[in-house]
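Chains, contacts and geometry: an overview
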Amino acid sequence: ASQPMEFHDWDSDSLLDFLFCCYTEDHPLDNKAVRHCYARIAPVFEGLPREDSNHLFQNIAELCIAYEQAAFIEGLRIGVALERELNSN
């Protein structure tokens, strides 16, 4: 606590956020499954004015990243809880 970590080169405010950034370095968020889902909704984007399309895409991308980050962090928490449970017996 007396020497807080600073994450100057990462867009993170906590160690969990930093771990997520490290994870995404080796596990890109843009993969085959994501591209397949995008292809299914591409016609919606094409039917919108460019500004609306860009705004919608940005919001969807941010939503997806937020869900993936939340799932990643929850997975770490579950792993820690499992480790504690296994070692308490």
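This text goes with the structure placed above it.
Below you will find a few notes about this structure. (Residues numbered from 1 in each chain as written. Predicted model: local features only at pLDDT ≥ 70, side-chain atom pairs only at ≥ 80, totals over all residues. Heavy atoms only, no water.)

**Comments concerning the side chain of Ser 53**
- Secondary-structure assignment places Ser 53 in helix H3 (residues 50–88).
- Looking at Ser 53, the relative accessible area reads 12%, which means it is buried.
- Here Phe 45 takes part through its backbone oxygen, which lies 3.4 Å from a polar atom of the side chain of Ser 53.
- Discounting chain neighbours no more than four positions away, the residues touching Ser 53 are Phe 45 and Leu 48. (Helix = DSSP H or I, 4+ residues; strand = E, 2+ residues; numbered from the N terminus. Buried < 20%, exposed > 50% of the residue type's maximum accessible area, 1.4 Å probe, protein only. Polar contact = N/O pair within 3.5 Å; in protein donor to acceptor, adjacent residues only side chain to side chain. Contact = heavy atoms within 4.5 Å.)

**Thoughts on helix H1 (residues 15–26)**
- For H1, spanning twelve residues, the distance from its first C-alpha to its last is 17 Å, which sits close to the expected 16 Å at 1.5 Å a residue.
- Along H1, the residues classified as buried are Asp 17, Phe 20 and Cys 21. Seen from one end, H1 has its buried residues packed into an arc of 100°, which puts them on one side. Residues of H1 that are exposed and point over 90 degrees away from its buried face: Glu 25 and Asp 26.
- Those residues of H1 that are buried are in contact with H3. (Expected span 1.5 Å × (residues − 1). Arc of directions from axis to C-beta.)

**A few points about the packing of aromatic side chains**
- Under the counting rule described, the total for this entry stands at five aromatic pairs.
- With 4.9 Å between their ring centres and 35° between their planes, Tyr 23 and Phe 72 make a pair best called tilted. Residue Tyr 23 is found in helix H1, and its partner Phe 72 is found in helix H3; the two are separated by 49 residues along the sequence.
- Judged by relative accessible area, Phe 72 falls into the buried class, the value being 18%.
- With a centroid separation of 5.8 Å and an interplanar angle of 70°, the aromatic rings of Phe 45 and Phe 57 are classed as edge-to-face. Remark: Phe 57 occurs in helix H3 and Phe 45 occurs in helix H2 (residues 32–46); sequence separation between them is twelve residues. (Phe/Tyr/Trp six-rings, centres within 6.5 Å; stacked < 30°, edge-to-face > 60°.)

**Re the environment of Ala 70**
- Assignment of secondary structure puts Ala 70 in helix H3.
- The class for Ala 70 is partly exposed, based on a relative accessible area of 45%.
- Separated by 53 residues in sequence, Ala 70 and Asp 17 place their C-alpha atoms 9.7 Å apart.

Shape is all these values report; function is a separate question.
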